[in-house]
Amino acid sequence: MTHTLSTLEKPTWRDYFALTKPKVNSLLLFTTMTAMIMAARGFPSWDLFLAVFIGGYMSAGASGVFNMIIDRDIDQRMKRTSTRPSASGKISTTNAFIFGSLLTVGSFLLLWQAANLNTALLAMAGLVTYVFIYTLWLKRATWHNIVIGGAAGCFPPLVGWASVTGDLNLFSWYLFFIIFFWTPVHFWALAIMIKDDYAAVGIPMLPVVYGERMTVAQIGLYAIMTAVLSMIPLLLGEVRWIYFGSALVLNMILLMRSLELYRNINRKQAVSLYKYTLLYLALLFLAMAIDRSVF
C-alpha cells in the first residue's frame, strides 16, 4: 500500500537528485577535484574546474541512477534503501532511465568539450564498470563483488588528472590503486554493520558468506596494503614532507582502527572504522594536493 500511494506523489527535483546518490558521490568528486590540483601543481583554470565538477558529478550520478534501477527489487526489501525514489515507486523506471541517460550523454559531451576526449572516456569507463561489472554481474554473484567492482570508484582521480594533462602517468595510476585497496576496508566495515540486510536479500557480501572474523581479517590485510601503497609516491619524488607527515598519521590511525575491530568485532567498532575511512581518503588526497601545490 505504501508503494501504491507513493506512486501518486509527484516527484520533485530532490527525488531526482537523490537518485544520483549525492552522499556516495561527494567523496568521489572530491578525489576528482583534488587530482586536478595535483596535476596542475596549483589551481587549474576556473572554467575547467567548474566544468569537470559538473560533468564528473553527472557521470557519477548517472551510475547511481542505473544502479537504483537495477537494484530496485532488493532496495524495496532493505530497510536502509526502501525509501529510495526508485524502490518506493515515486519515480518510475522509465523516467529514471531517461534521466540517467541524459546525465550520461550530457556528462560525456561536457567533459569532451571542456577538457578532452580522454577525460570523457575515463568517466564513461567508471560508469560502465559500476553499472555492468559491479551491479549487473558481480554484486549478486560473488563476495569478490566489491574488490573487483570497486574499481569503478577509482576512476574519478584519473578523470581529474586527464582533464588537466590530457593523459595519464604513473603517479595518476597510484591514485587509482590507493582507492582500489582502500575500498574493501571502507565497504566491508559498512557490510558488517548491515550484514543482516544483505543476508535477507541474498547478496553474497563477505560477512554473509564467510562471517565477520574472515571479513575483519581481510579488512586488516587491505588496510596494510593501502598504507604501504600510499607511501610509495614519496619514493618517486612526487610528494614531500607535507604529504609524508599527513599520510604517516592517517595510516597509523587506519591500522589502529582496523586492529581494534579485529580485537573486538561489534557494530560500534565497525561504525568507527567506516566513518574514519571516509575522512582518511579525503584528508590523504587533500594532503597530496596541498603538497604538490607548495613544492
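Residues numbered from 1 in each chain as written. Predicted model: local features only at pLDDT ≥ 70, side-chain atom pairs only at ≥ 80, totals over all residues. Heavy atoms only, no water.

Engineer: Help me understand unusual backbone geometry, please; the structure alone is not making it clear to me.
Structural biologist: The bulk of non-glycine residues show a negative phi, and the bulk of peptide bonds are trans. Non-glycine residue lysine 21 carries a positive phi angle of around 55°. On the secondary structure map, lysine 21 appears in the loop between α2 (13–19) and α3 (22–40). (Helix = DSSP H or I, 4+ residues; strand = E, 2+ residues; numbered from the N terminus.)

Engineer: I tried to follow the confidence of the model for the protein on my own but got confused; where do I start?
Structural biologist: Low pLDDT marks regions whose predicted coordinates should not be analysed in detail. The predicted model of the protein averages 94 in pLDDT, with 97% of residues at 70 or higher. Mean pLDDT values for the elements of the protein range from 45 in helix α1 (residues 2–8) up to 98 in helix α10 (residues 155–165). Within the model, pLDDT remains below 50 along residues 1–7, and this stretch shows eight contacts once partners closer than five positions in the same chain are excluded. (pLDDT = per-residue confidence, 0-100. Contact = heavy atoms within 4.5 Å.)

Engineer: Sorry if this is basic, but what is going on with the packing of aromatic side chains here?
Structural biologist: The geometry of an aromatic ring pair is captured by the separation of the ring centres together with the interplanar angle, meaning the angle of the planes. In total, this model carries 22 aromatic pairs according to the counting rule given. With a centroid separation of 6.2 Å and an interplanar angle of 70°, the aromatic rings of phenylalanine 177 and phenylalanine 180 are classed as edge-to-face. Placement of both phenylalanine 177 and phenylalanine 180 in helix α11 (residues 170–193) is noted, with a separation of three residues, approximately one turn of the helix. Here phenylalanine 177 falls in the partly exposed class, since its relative accessible area comes to 37%. For the ring pair phenylalanine 187 and tyrosine 198, a centre distance of 6.5 Å and an interplane angle of 40° mean the geometry is tilted. Here tyrosine 198 lies in helix α12 (residues 195–200) and phenylalanine 187 lies in helix α11, a separation of 11 residues in the sequence. Here phenylalanine 187 matches tyrosine 198 in class, with each residue buried. Members of the aromatic cluster, connected to one another through ring pairs, are Trp143, Phe155, Trp173, Phe176, Phe177, Phe180, Phe181, Trp188, Tyr210 and Tyr222. Directly above the aromatic system of tyrosine 262 lies the positively charged group of arginine 213, at a separation of 4.6 Å from the ring centroid. (Phe/Tyr/Trp six-rings, centres within 6.5 Å; stacked < 30°, edge-to-face > 60°. Buried < 20%, exposed > 50% of the residue type's maximum accessible area, 1.4 Å probe, protein only. Lys NZ or Arg CZ within 6 Å of the ring centre and 35° of its normal.)

Engineer: Sorry, what's going on with the packing of α3 against helix α4 (residues 46–70) here?
Structural biologist: Each packed pair of helices is defined by two parameters, the angle between the axes and the distance between the axes. At a minimum axis separation of 10 Å, α3 and α4 run at an interaxial angle of 145°. Once α3 is placed against α4, the crossing between them reads as right-handed. Here Pro22, Asn25, Leu29, Thr32, Met33 and Met36 of α3 come into contact with α4, specifically with Leu48, Phe49, Val52, Phe53, Gly56, Tyr57, Ala60 and Gly61. Here the residues of the contact of α3 with α4 sort into 10 nonpolar, four polar and no charged. (Axes fitted to C-alpha atoms, helices over the stretch in contact; angles between N-to-C directions. Left-handed = near helix turned anticlockwise from the far one by under 90°. Nonpolar A, V, L, I, M, F, W, Y, C, P; charged D, E, K, R; others polar.)

Engineer: Hey, could you run me through the pattern of salt bridges in this one?
Structural biologist: It is possible for side chains bearing opposite charge to pair when their charged atoms get close. By the definition in use, this model includes eight salt bridges. Here aspartate 73 makes a salt bridge to arginine 140, at a shortest N to O gap of 2.9 Å. Here aspartate 73 is found in helix α5 (residues 72–75), whereas its partner arginine 140 is found in the loop between α8 (117–138) and α9 (145–149), with 67 residues between them in sequence. Owing to a relative accessible area of 31%, aspartate 73 belongs among the partly exposed residues under this scheme. Judged by its relative accessible area of 37%, arginine 140 falls in the partly exposed class. (Salt bridge = Lys/Arg side-chain N within 4 Å of Asp/Glu carboxyl O.)

Engineer: When you look at a nonpolar patch on the surface in this model, what are you seeing that I'm missing?
Structural biologist: Residues Phe30, Trp241, Leu279, Leu283, Leu286, Ile290, Val294 and Phe295 make up a contiguous nonpolar surface patch of about 720 Å² in total accessible area. Counting residues per element, the nonpolar patch draws most heavily on helix α15 (residues 267–294), which supplies five residues. Relative to the elements of secondary structure, leucine 283 occurs in helix α15. Of the residues examined, leucine 283 reaches a relative accessible area of 34% and is grouped as partly exposed. (Patch = residues over 30% accessible without salt bridge, like charges linked within 9 Å, V, L, I, M, F, W, Y side chains within 5 Å. Areas by Shrake-Rupley, 256 points an atom, 1.4 Å probe, with all protein chains shown as cover.)

Engineer: Please clarify how helix α7 (residues 93–114) should be interpreted in this entry.
Structural biologist: Since one α-helical turn is 3.6 residues long, residues separated by three or four positions face the same way. The terminal C-alpha atoms of α7, which comprises 22 residues, lie 31 Å apart, in line with the 32 Å expected from a rise of 1.5 Å per residue. Every buried residue of α7 is listed here: Ala96, Phe99, Gly100, Leu103, Thr104, Ser107, Phe108 and Leu111. For α7, the angular spread of buried residues about the axis comes to 160°, placing them on one side. Turned more than 90 degrees off the buried face of α7, the exposed positions are Thr94, Leu102, Val105 and Gln113. Here the buried face of α7 lies against α2, α4 and α8. (Expected span 1.5 Å × (residues − 1). Arc of directions from axis to C-beta.)

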